[in-house]
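# Structural characterization, general
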Amino acid sequence: AQSVAQPEDQVNVAEGNPLTVKCTYSVSGNPYLFWYVQYPNRGLQFLLKYITGDNLVKGSYGFEAEFNKSQTSFHLKKPSALVSDSALYFCAVRDLTGGFKTIFGAGTRLFVKA
Amino acid sequence: DAGVTQSPTHLIKTRGQQVTLRCSPKSGHDTVSWYQQALGQGPQFIFQYYEEEERQRGNFPDRFSGHQFPNYSSELNVNALLLGDSALYLCASSRPSGSYEQYFGPGTRLTVT
């Protein structure tokens, strides 16, 4: 069965410092991996995806993520955090052996302090 | 270019009632998925519609049903509402094959009293 784990409920970082939001997954086949961000009282917004190819993928707003097959991880990173990055971040996985559904993690709240 | 729209924004219902939520996908998208997001949790997949058919269903009871219209818009119906159905209901649309990311609407906040 597919599953996604985000081990940290909250990540705190100072503005200008690098940030990492962790994600590990479990799927039967090859994973399609995604990061989404949710701002208060709004729907989810797509940040980036890994389907195939380079393990380091770049996305919106300066975010990037590294796919690590051996560690089954897909951590979200940004070299220099902004206060405006403060939001709820969701990692998600889709496994074609599981059909069309996408499984989301429980979310990690990122708090960037000025 | 309009994104995904959902209506209504908020809804308050009583236990046992029925509710219909509506979604219009992003222009050019033909696939619609529905998710339930309880407070403090990630979205949970309810079902996906493609070509007016339910293509896949998550672990939700038959009280949850849906429909997709020829213009790709979709409805989510929930019968015999329970207190536990209180949540944010998200609609997501995606393009035809080749792109797997989803575009989400702002959601409908359903409160069951």
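Residues numbered from 1 in each chain as written. Chains lettered and ligands numbered in written order. Predicted model: local features only at pLDDT ≥ 70, side-chain atom pairs only at ≥ 80, totals over all residues. Heavy atoms only, no water.

So, on to the overall build of chain A. A count of helices and strands for chain A gives zero helices and twelve strands. Ordering the α and β elements of chain A from the N terminus gives β-β-β-β-β-β-β-β-β-β-β-β. Over its C-alpha atoms chain A spans a radius of gyration of 14 Å, differing by no more than 12% from the 13 Å that the globule rule assigns to 114 residues. When its C-alpha atoms are laid out on the principal axes, chain A stretches across 45 × 30 × 20 Å. The buried share among the 114 residues of chain A stands at 46%. A sequence separation of at least 24 residues applies to 56% of the contacts in chain A between residues at least 6 apart. (Helix = DSSP H or I, 4+ residues; strand = E, 2+ residues; numbered from the N terminus. Rg over C-alpha atoms; globule rule 2.2 N^0.38 Å. Buried < 20%, exposed > 50% of the residue type's maximum accessible area, 1.4 Å probe, protein only. Contact = heavy atoms within 4.5 Å.)

So, on to the overall build of chain B. Of the regular secondary structure elements, chain B holds zero helices and eleven strands. Along chain B, from the amino end to the carboxyl end, the secondary structure elements read β-β-β-β-β-β-β-β-β-β-β. In terms of C-alpha radius of gyration, chain B reaches 13 Å, essentially the compact-globule figure of 13 Å for 113 residues. With the C-alpha coordinates of chain B rotated into their principal frame, the extents come out at 40 × 25 × 25 Å. Of all 113 residues assigned to chain B, the portion counted as buried reaches 49%. The contacts in chain B between residues at least 6 apart in sequence include a share of 52% that link residues at least 24 apart. In the structure as shown, chain B presents an accessible area of about 5,400 Å², 47% of it carried by carbon and sulfur atoms. Positive and negative side-chain charges of chain B, numbering 9 and 10 respectively, have mean locations separated by a distance of 10 Å. (Areas by Shrake-Rupley, 256 points an atom, 1.4 Å probe, with all protein chains shown as cover. Lys, Arg positive; Asp, Glu negative; His and termini not counted. Charge placed at Lys NZ, Arg CZ, Asp CG, Glu CD.)

Between side chains of opposite charge, a pair can form when the charged atoms approach closely. Under the criterion given, the structure shown has eight salt bridges over all chains. Two residues, A:Lys58 and A:Glu64, come together in a salt bridge whose shortest N-O distance is 2.9 Å. B:Glu101 serves as the salt-bridge partner of B:Arg95, at 3.6 Å between the closest nitrogen and oxygen. With a relative accessible area of 6%, B:Glu101 lands in the buried category. Salt bridges linked by common partners bring A:Lys49, B:Arg95 and B:Glu101 together as one network. (Salt bridge = Lys/Arg side-chain N within 4 Å of Asp/Glu carboxyl O.)

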